[in-house]
Amino acid sequence: MTVRLLLADDHPVVRAGLRAVLATEPGFTVVAEAATAERAVERAAAGGVDVVLMDLQFGTGMHGVEATAAITALPGGPKVLVLTTYDTDADILAAVEAGASGYLLKDAPPEELAAAVRTAAAGQSALAPAVAHRLMDRMRTPAQALTKRELEVLQLVGEGLSNQQISKALFLSQATVKSHLVHVFAKLGVDSRTAAVAAARARRLIRR
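The rules behind each value
- Residues numbered from 1 in each chain as written.
- Predicted model: local features only at pLDDT ≥ 70, side-chain atom pairs only at ≥ 80, totals over all residues.
- Heavy atoms only, no water.
- Helix = DSSP H or I, 4+ residues; strand = E, 2+ residues; numbered from the N terminus.
- Rg over C-alpha atoms; globule rule 2.2 N^0.38 Å.
- Buried < 20%, exposed > 50% of the residue type's maximum accessible area, 1.4 Å probe, protein only.
- Contact = heavy atoms within 4.5 Å.
- Areas by Shrake-Rupley, 256 points an atom, 1.4 Å probe, with all protein chains shown as cover.
- UniProt positions renumbered as here; feature names shortened; annotations may be inferred.
- Salt bridge = Lys/Arg side-chain N within 4 Å of Asp/Glu carboxyl O.
- Pairing = 2+ DSSP bridges.
- Right-handed = clockwise from strand over helix to strand, strands pointing away.
- Phe/Tyr/Trp six-rings, centres within 6.5 Å; stacked < 30°, edge-to-face > 60°.
- Lys NZ or Arg CZ within 6 Å of the ring centre and 35° of its normal.

By the naming in an unreviewed UniProt entry, the chain goes by Response regulator transcription factor and is assigned to Streptomyces gulbargensis.

The following block contains the structure:
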């Protein structure tokens, strides 16, 4: 059985590299490439794809998580294997919640990539060892783990947004934003926005 692949990444060199690596694997065929998340959704909806290798960050427009959610919502649509450089809790949780079948880092060796593609194509979960370890850590200490929404709020704090701007971006009231930050401070053991961002980045909870 041939696994038909769609490569979704905004960097031509990355797509070329992936195509070259996957071409050496028996049973794989790259049927299409997409330089934007929007194009990836369109091509996946057209059919004839079993697994989409999805980057998370595209230059402009739709992001990889949004595209993943749109593709996995398609009736009989392909599986999505996220392939990214980001290994933060915020990115991992967002991708898993969007329906990704797997999450792999771009520095994974070729054999790990091939195994992940086959696992995703078979309808099973394919997680990079480091990603699986992070999820296990969250399960072991649920009371200390930041929720997906808390991570979203904290990521925007790290990008310099005010509570008012965050409330508009996430469609939350300012009181709710403040409440999330109170919980974040308590879980991280800090007492300021700056300290919270620094601690979260040090623990790879949010992007730098």
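From this point, things continue past the structure.
In this section: the overall build of the chain. Of regular secondary structure, the chain possesses 10 helices and 6 strands. Its C-alpha radius of gyration of 18 Å places the chain within 12% of the 17 Å reference for a compact globule of 208 residues. Once the C-alpha set of the chain is aligned to its principal axes, its extents read approximately 55 × 30 × 30 Å. Taken across its 208 residues, the chain has 45% of its residues classed as buried. Look at the contacts in the chain between residues 6 or more apart in sequence, and 61% of them connect residues 24 or more apart. Total accessible area on the chain is roughly 10100 Å²; 56% of this is exposed by carbon and sulfur atoms.

With numbering aligned to this structure, UniProt lists the feature "modified residue: 4-aspartylphosphate" (unreviewed entry) at Asp-55. Mapped onto the elements, Asp-55 comes out in the loop between β3 (51-54) and α3 (64-72). According to the relative accessible area criterion, Asp-55 is buried, its value standing at 4%. For Asp-55, the residues in contact, after removing those within four places along its chain, are Ala-8, Asp-9, Asp-10, Gly-64, Leu-83, Thr-84 and Lys-106.

Proximity of charged atoms lets side chains of opposite charge pair with each other. Scanning the model with the defined rule gives 16 salt bridges in all. Notably, a salt bridge pairs Arg-118 with Glu-25, separated by 3.4 Å at the nearest N-O pair. Of this pair, Arg-118 sits in helix α5 (residues 110-121) while Glu-25 sits in the loop between α1 (12-23) and β2 (28-34), placing them 93 residues apart in sequence. Put simply, Glu-42 and Arg-39 hold a salt bridge, and the shortest N to O gap is 3.6 Å. With Glu-42 and Arg-39 both in helix α2 (residues 37-45) and 3 residues apart, the pair spans about one turn of that helix. Residue class for Arg-39 comes out partly exposed when judged on its relative accessible area of 39%. What emerges from the salt-bridge pattern is a single network uniting Glu-97, Lys-148, Arg-149 and Glu-152.

For strand β4 (residues 79-84), the buried fraction is high: 5 of the 6 residues fall into the buried class. As paired strands, β3 and β4 are joined by 4 bridges and run parallel to one another. Within the sheet, the bridge partner assigned to Val-52 lies in β4 and is Val-80. One crossover worth recording links β3 to the parallel β4 by way of α3, and it is right-handed. As defined by bridge partners, β4 adjoins strand β5 (residues 102-105) across 4 bridges and the pair is classed as parallel. In the strand pairing of β5, Val-82 is matched with Tyr-103. With helix α4 (residues 89-97) bridging β4 and its parallel neighbour β5, the resulting β-α-β unit is right-handed.

On to the pairing of β5. Burial along β5 is two-sided: Gly-102 and Leu-104 and Tyr-103 and Leu-105, pointing in opposite directions, are all buried. Bridging between β5 and strand β6 (residues 126-127) involves 2 bridges; their strand directions are parallel. Each residue of the ladder has a partner; that of Gly-102, found in β6, is Ala-126. A crossover connection joins β5 to the parallel β6 through α5; in handedness this β-α-β unit is left-handed.

A separate point is the packing of aromatic side chains. Tallied over the entire structure, the rule returns 0 aromatic pairs. Here the basic side chain of Arg-207 rests over the ring of Tyr-86, its NZ or CZ set 3.6 Å away from the ring centre.

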